[in-house]
Amino acid sequence: MIYPNSLFILKVSRIIQKLERELNVSLFIRKTSGMEPTKAGDNLYDRGKAIMRQLNEVVSDLQVSSKPVVKVPCTCGFMRSATIKLARDFHIEYPDIELRLYERVDTVISRQLLDEEVEVAILSGPVDPTKFTSTPLTKCPMCVVVNKTHPFARFDSVSLFELRNEPLIITSGNDFNSYQNRFRVLTQVGINLNYVFESLDIEYPIIAANDNMGVGITPYDSCLTKQNYPDIKILHLKETDHSWIYSWETVLACKKGRQLSLQAKAFSNFLSDWIKQI
């Protein structure tokens, strides 16, 4: 007698065998104790999950809106100054396209691009040119923020080498491209800094310096609210080699070689023109 459970296992086994023949790869290692996925099997599973996520998002988008949708994740900090106006202006120019902007860290955004969950994104730069195609958007100098009682407050600028023994509060962490690239280079040239806190809040280094809890390093445009923090002084970073280390850059990125939809192309072209006017 064949039991229902046995029929199900037999059916699944035949499906797997057919798939292996079509793909011309082994998906499982068969043992007396059971089955283990091969490297190709694991890869197929990961790709399948990504496809299912995309399918679910497409179904969700179709149910919510009949308009074409372009979803754009933005690196932390970009949302702060620009994206509300960007969304409004894009809607005026393209009322038939629904734009969804949301904030994420760079590691998450990069994975979404590579898994093709999104078509375009705004990342902090530089990005890996072997994986992504990118267009420069903004560039802001980094600065140092100290309490007015700090010895450095007597100066207008300071070098990273001079900061090596200071307790530093920085505006980003390992989840950001800018951090990974910037401080990897610093280590290579022999500058080992003392980071006591890494915050996703672009304003937190200013708050910490105002309360005299350490020295902040943050993009200069985050200091535009300095009138709210009367006890800080802003110092310029002295540039030496690797000048890109001293700026916070953002780029519009997409997966290398990916063909963009009409709505993603519309957003990309609009953003490139729009960013020049702000």
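Residues numbered from 1 in each chain as written. Predicted model: local features only at pLDDT ≥ 70, side-chain atom pairs only at ≥ 80, totals over all residues. Heavy atoms only, no water.

Trainee: When you look at a nonpolar patch on the surface in this model, what are you seeing that I'm missing?
Mentor: A surface patch of nonpolar side chains, about 280 Å² in accessible area, is lined by Leu19, Leu23, Val25 and Leu44. Within the secondary structure, leucine 19 is located in helix α1 (residues 4-23). According to the relative accessible area criterion, leucine 19 is partly exposed, its value standing at 32%. (Patch = residues over 30% accessible without salt bridge, like charges linked within 9 Å, V, L, I, M, F, W, Y side chains within 5 Å. Areas by Shrake-Rupley, 256 points an atom, 1.4 Å probe, with all protein chains shown as cover. Salt bridge = Lys/Arg side-chain N within 4 Å of Asp/Glu carboxyl O. Helix = DSSP H or I, 4+ residues; strand = E, 2+ residues; numbered from the N terminus. Buried < 20%, exposed > 50% of the residue type's maximum accessible area, 1.4 Å probe, protein only.)

Trainee: Hey, could you run me through the nonpolar core in this one?
Mentor: Soluble globular proteins tend to pack their nonpolar side chains together in the buried interior. Residues Val70, Val72, Leu86, Val120, Ile122, Phe267 and Leu271 are the most contacted members of the largest nonpolar core, which totals 22 residues. Examining the composition of this core, we find that 7 residues originate from one element, helix α8 (residues 262-275), more than from any other. Setting aside residues up to four positions removed in sequence, valine 120 forms contacts with Val70, Lys71, Val72, Pro73, Leu113, Leu252, Ala253, Cys254, Leu260, Ala264, Phe267 and Ser268. Counting residues in hydrophobic clusters, the runner-up holds 16 residues, among them Val144, Val146, Ala153 and Leu163. (Core = buried A, V, L, I, M, F, W, Y, C linked by side-chain atoms within 4.5 Å. Contact = heavy atoms within 4.5 Å.)

Trainee: Looking at this model, I keep getting lost on the packing of aromatic side chains. Mind explaining?
Mentor: Between two aromatic rings, the relevant description is the distance of the centres plus the angle of the planes. Taken as a whole and assessed by the stated rule, the structure comprises 4 aromatic pairs. Centre to centre, the rings of phenylalanine 90 and phenylalanine 267 are 5.7 Å apart; their planes meet at 70°, and the pair counts as edge-to-face. Of this pair, phenylalanine 90 sits in helix α4 (residues 83-93) while phenylalanine 267 sits in helix α8, placing them 177 residues apart in sequence. Here phenylalanine 90 matches phenylalanine 267 in class, with each residue buried. A ring pair is formed by tyrosine 94 and phenylalanine 270, whose centres lie 6.3 Å apart and whose planes are at 85°; its orientation type is edge-to-face. One end of the pair, tyrosine 94, is in the loop between α4 and β4 (98-104); the other, phenylalanine 270, is in helix α8, and 176 residues separate them in sequence. (Phe/Tyr/Trp six-rings, centres within 6.5 Å; stacked < 30°, edge-to-face > 60°.)

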